[in-house]
Amino acid sequence: MQGLPGATGPAGPTGPAGADSTVPGPTGPSTVVYTAGGADTAINSVTDVTIATRDVTGVAAGDKLLVEAWFTVLNNSTATRVVTLTLDFDGLFANLITTGALATSATLIHPIRMRAVLDVRASNLCYGMVEAKGYTAAGIASGADPAMLATSLDTISWATSTSDATGTVTVSLKVKSANATATQTLRLHYFTVEKVTPTA
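Just so we're clear, the structure is a prediction, and the values are computed from it rather than from any experiment.

J.: Lay out the side chain of Arg-81 in plain terms, naming residues and giving numbers.
T.: One can find Arg-81 in the loop between β4 (64-75) and β5 (83-89). For the buried Arg-81, no salt bridge exists, and the shortest N-O distance to an oppositely charged side chain is 16 Å, to Asp-48. A distance of 2.8 Å separates polar atoms of two side chains, one belonging to Arg-81 and the other to Ser-77. Aside from chain neighbours lying at most four places away, what touches Arg-81 is Asn-75, Thr-99, Gly-100, Ala-101, Leu-102, Ser-177, Asn-179, Thr-181 and Gln-184.

Listed below in structure tokens is the structure:
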């Protein structure tokens, strides 16, 4: 004769919560609109040399354009040289960043990283910030182990404009030297432009 069923046991622990549907998955659209390939460019010019440029379309109020560039400068022109760096947004700002007097050498290199943001608030208001960071003006050898020094090249600037930065914005990295004597070479390793639209 079959017995009666036993009492139901206590409920088990609650399982883990499901994924947050508000977080974009790994297959979501990329914010990167342009990445330049590496190249060497002569910069022994007293007028701007365009290293990389890109038209970013569909820029709307609220969008942010983020730019990052990594490059090195070789100054083998027999004398120190001051170099002017510009991350330009459609000619809206004239934030020119000048280096120290970069030492001349056939082997010592001047590594530099630049970053910038264009904050488009409205069709008649935008803000920009540009940062440049490098080693000392003395240069550095391949594989060297540098210390963090007070004399490291590092600066940041900002600007604002009432011009219309919506629609298409041309983003350019431009470089020039204070002297046109060869050899002065910029070696671009990384240049990326992103367009970010803030979430609600």
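J.: Give a description of the pairing of strand β11 (residues 184-196) that names residues and reports values.
T.: Looking at chain direction, strand β1 (residues 32-36) and β11 are connected through four bridges and run antiparallel. Bridge pairing in β11 links Ala-36 to Phe-191. Note: strand β2 (residues 39-42) against β11, four bridges, orientation antiparallel. If you follow Thr-41 over to β11, its bridge partner there is Leu-186.

J.: Hey, could you go over the sheet that holds β5 for me, with residue numbers and the actual values?
T.: What the four strands build is an open sheet, ordered β3-β10-β5-β6; its pairing is antiparallel. Unpaired on one side and paired on the other, β3 (49-59) and β6 (97-98) mark the two borders of the sheet. One ladder, built from eight bridges, connects β3 with strand β10 (residues 167-177); its direction is antiparallel. Bridge pairing links Val-56 to Val-169 in β10.

J.: So what's going on with the pattern of salt bridges? Which residues, and what values?
T.: Applying the stated criterion across every chain yields a total of six salt bridges. Between Arg-187 and Asp-40 there is a salt bridge, and its shortest N-O distance comes to 3.0 Å. Of this pair, Arg-187 sits in strand β11 while Asp-40 is found in strand β2, placing the two residues 147 residues apart along the sequence. Among the salt bridges present, the one from Lys-64 reaches Asp-119, with a minimum N-O distance of 2.5 Å. Residue Lys-64 is located in strand β4, and its partner Asp-119 is located in strand β7 (residues 110-122); the two are separated by 55 residues in the primary sequence. The class of Asp-119 is buried, set by a relative accessible area of 12%. Each of Lys-64, Asp-119 and Arg-121 takes part in salt bridges that share partners, so that together they form one network.

J.: Kindly report on the side chain of Thr-72, identifying the contributing residues and their values.
T.: With respect to the secondary-structure elements, Thr-72 resides in strand β4. Leave out the neighbours within four places in its chain, and Thr-72 touches Ile-109, His-110, Pro-111, Thr-185, Leu-186, Arg-187 and His-189.

Conventions used here
- Residues numbered from 1 in each chain as written.
- Predicted model: local features only at pLDDT ≥ 70, side-chain atom pairs only at ≥ 80, totals over all residues.
- Heavy atoms only, no water.
- Helix = DSSP H or I, 4+ residues; strand = E, 2+ residues; numbered from the N terminus.
- Buried < 20%, exposed > 50% of the residue type's maximum accessible area, 1.4 Å probe, protein only.
- Lys, Arg positive; Asp, Glu negative; His and termini not counted.
- Salt bridge = Lys/Arg side-chain N within 4 Å of Asp/Glu carboxyl O.
- Polar contact = N/O pair within 3.5 Å; in protein donor to acceptor, adjacent residues only side chain to side chain.
- Contact = heavy atoms within 4.5 Å.
- Pairing = 2+ DSSP bridges.

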